[in-house]
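Listed here are the chains, written in short residue letters.
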Amino acid sequence: MPGWVQAGAWGLLAGSALLIGAAVGFLAPVPRRVIASVMAFGAGVLLSAVAFELIGEAHEQAGLPPTVLGALGGAVVYTGCNVLLARRGARHRKRSGEQQPSENEQGGSGTALALGALLDGVPESIVIGTSLLSGGPVSVVTVAAVFVSNVPEGLSSAAGMRRAGRSKAYVLGLWSGIALVSGIAAVAGFTLLGGLSAAVLAAITAFAGGAILAMVADTMIPEAFEEAHLLTGLITVAGFLVAFALSQTG
């Protein structure tokens, strides 16, 4: 099977967790404390993937300077885009409560939510594609981390969208589209970045890591703490250790 097809399939698989979570969050009355706990676990999984699969790998490939510059660049770009989207109504796109505005309360917030979902998901998918560039198998830890973290993201966001009065067609259509874009982004990561030097590729990997780390701190941890409170740290550490154990046995 061609590498780009594998990249797309793995990216689509990881992205499909968004749709699964969104369907559950929109259609089922999941308690907010459960949503927050799952979000905390997903945050821990992503933190582990960033530390060992992205930042650690980038450092091994090209050393400290490209890693630091890439990670800082990813965090700066993500934060800048997030600030712009927050002003358009996407500040609480991963919140399951009453924080998300409806279209009547803030015009254009639906588009901002969609763009925010893309901003959160694309770096993860690109990394899945780049993990195949060496010619070996896909990074199972990266795919698993993205899949596990995507479930609570979709679940929490969809629950908040439902409370904001958005339709089932809008919510499920949005996350179906994001899942498809995840597959496309993984293909792009494989096809467009293959000819780059090790230093540049390491910087791009670290860039994705920095963006994901900023996303976890800015959108996932707040939702987790909102309801789980003092259990947030414990649940996050559990997610971190599960992903770490998987990376050591994979």
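Residues numbered from 1 in each chain as written. Predicted model: local features only at pLDDT ≥ 70, side-chain atom pairs only at ≥ 80, totals over all residues. Heavy atoms only, no water.

Using the following cut-off: UniProt positions are given in the numbering used here, feature names are shortened, and annotations may be inferred rather than shown by experiment.
For the protein chain, the name recorded in an unreviewed UniProt entry is ZIP family zinc transporter, with Actinoplanes sandaracinus as its organism. As stated in UniProt under Sequence similarities (unreviewed entry), the record for the protein chain gives "Belongs to the ZIP transporter (TC 2.A.5) family." The Subcellular location (unreviewed entry) field of the UniProt record for the protein chain holds the comment "Cell membrane".

### A few points about the UniProt feature "transmembrane region" (unreviewed entry) in the protein chain
Our working definition: Secondary structure follows DSSP: runs of H or I at least 4 residues long count as helices, runs of E at least 2 residues long count as strands, and numbering of each begins at the N terminus.
The feature "transmembrane region" (unreviewed entry), as annotated in UniProt, sits at residues 6–27, 34–55, 67–86, 169–190, 196–216 and 228–247 in this numbering. Between the C-alpha atoms that bound residues 34–55 there is a distance of 30 Å. The span itself is 100% helix and 0% strand. Each end of residues 67–86 is marked by a C-alpha atom, and these two atoms are 28 Å apart; helix forms 100% of the span and strand 0%.

### Thoughts on the packing of helix 5 (residues 140–163) against helix 6 (residues 168–192)
The criterion, for reference: To define axes, lines are fitted to C-alpha atoms, for helices over the stretch in contact only, and angles between the resulting N-to-C directions are given on a 0 to 180 degree scale. Angles below 35 degrees are treated as roughly parallel, those above 145 as roughly antiparallel, those between 65 and 115 as roughly perpendicular, and all remaining angles as oblique. Each crossing gets its handedness from the near helix: less than a right angle anticlockwise from the far helix is left-handed, clockwise is right-handed. Pairs of residues are marked as contacts when any of their non-hydrogen atoms sit within 4.5 Å. Following the grouping adopted for this structure description, the nonpolar residues are Ala, Val, Leu, Ile, Met, Phe, Trp, Tyr, Cys and Pro, the charged ones are Asp, Glu, Lys and Arg, and the polar ones are all others, Gly among them.
Between helix 5 and helix 6, the shortest axis-to-axis distance is 10 Å and the interhelical angle comes to 155°. Comparing the axis directions of helix 5 and helix 6 gives the class roughly antiparallel. The two elements helix 5 and helix 6 cross, and the hand of that crossing is right-handed. Residues Gly154, Ser157, Ala158 and Met161 of helix 5 pack against Tyr170, Val171, Leu174 and Trp175 of helix 6. When grouped by side-chain class, the residues that make up the contact of helix 5 with helix 6 number six nonpolar, two polar and no charged.

### Some thoughts on the environment of Gly136
The following threshold applies: With a 1.4 Å probe rolled over the protein chains alone, any residue whose accessible area is under 20% of its type maximum counts as buried; one over 50% counts as exposed, and the rest are partly exposed.
Within the secondary structure, Gly136 sits in the loop between helix 4 (109–130) and helix 5. Overall, the relative accessible area of 28% leaves Gly136 in the partly exposed class.

### Things to note about helix 8 (residues 232–249)
An α-helix turns once per 3.6 residues; consequently, residues spaced three or four apart project the same way. Note the threshold: One less than the residue count of a helix, multiplied by 1.5 Å, gives the span that helix is expected to have. Directions are taken from the helix axis to each C-beta atom, and the arc is the one they span.
Its 18 residues place the ends of helix 8 26 Å apart at the C-alpha level, agreeing with the 26 Å of an ideal helix rising 1.5 Å per residue. Of the positions making up helix 8, those classed as buried are Thr232, Ile235, Thr236, Gly239, Ala243 and Ser247. With its buried residues spanning 120° around the axis, helix 8 presents them on a single face. The exposed set on the far side of helix 8, more than 90 degrees from its buried face, consists of Leu234, Gln248 and Thr249.

### A few points about the packing of aromatic side chains
To keep it simple, the criterion reads: Between rings of Phe, Tyr and Trp, where Trp is taken as its six-membered ring, a pair exists when centres lie within 6.5 Å; planes separated by under 30 degrees are stacked, by over 60 edge-to-face, and by other angles tilted.
Inspection of every chain in the model, using the stated rule, returns two aromatic pairs. Through pairs of rings, three or more aromatic residues link up here, namely Phe52, Phe240 and Phe244.

### So, the environment of Pro65
In this structure, Pro65 sits in helix 3 (residues 64–90). Residue class for Pro65 comes out exposed when judged on its relative accessible area of 53%. Residues Pro65 and Ala203, 138 residues apart in the sequence, show an inter-C-alpha distance of 8.7 Å.

### Structural notes on the confidence of the model for the protein chain
Spelled out, the test is: Per residue, pLDDT captures the predictor's confidence, and it can take any value from 0 to 100.
On average, residues of the protein chain score 84 in pLDDT, and 88% of them are at 70 or above. Across the protein chain, the element-wise mean pLDDT spans from 76 in helix 4 up to 91 in helix 1 (residues 3–27).

### Focus: helix 5
In this model, helix 5 (24 residues) spans 35 Å end to end at C-alpha, consistent with the 34 Å of a helix rising 1.5 Å per residue. Burial analysis of helix 5 places 17 of its 24 residues in the buried class, the great majority of the element. Of the residues flanking the end of helix 5, it is Gly165, one or two places downstream, whose phi is positive at about 90°.

### Let's talk about a nonpolar patch on the surface
What counts is decided by this rule: Exposure above 30% relative accessible area and the lack of any salt bridge qualify a residue for a patch; like charges then connect within 9 Å, and the nonpolar side chains Val, Leu, Ile, Met, Phe, Trp and Tyr within 5 Å. Shrake-Rupley sampling with a 1.4 Å probe provides the accessible areas, and residues are treated as covered by the protein chains on show and by no other component. Salt-bridge detection follows one rule: a side-chain nitrogen of Lys or Arg within 4 Å of a carboxyl oxygen of Asp or Glu.
On the surface, Leu12, Leu180 and Ile184 cluster together to form a nonpolar patch covering roughly 280 Å² of accessible area. Of note, Ile184 is situated in helix 6.

### Notes on the packing of helix 1 against helix 5
For the pair helix 1 and helix 5, the least separation of the axes is 6 Å and the interaxial angle reads 30°. Here helix 5 runs roughly parallel to helix 1, going by the angle between their axes. The chirality of how helix 1 crosses helix 5 is right-handed. Taken together, the residues of the contact of helix 1 with helix 5 break down into 17 nonpolar, six polar and two charged.

### Some remarks on the nonpolar core
Applied cut-off: Nonpolar core, defined: a set of buried Ala, Val, Leu, Ile, Met, Phe, Trp, Tyr and Cys residues in which side-chain atoms within 4.5 Å join the residues together.
Counting residues in each nonpolar core, the largest one holds 19 residues, and the members touching the most others are Leu46, Leu54, Tyr78, Ile212, Met215, Val216 and Met220. Elements that contribute at least two residues to this core include exactly helix 2 (32–62), helix 3, helix 4 and helix 7 (198–228). With sequence-adjacent residues up to four places away left out, Val216 is seen in contact with Ala43, Leu46, Leu47, Ile221 and Pro222. Formed by ten residues, the second largest nonpolar core is a distinct cluster that contains Ala22, Phe26, Val171 and Leu174.

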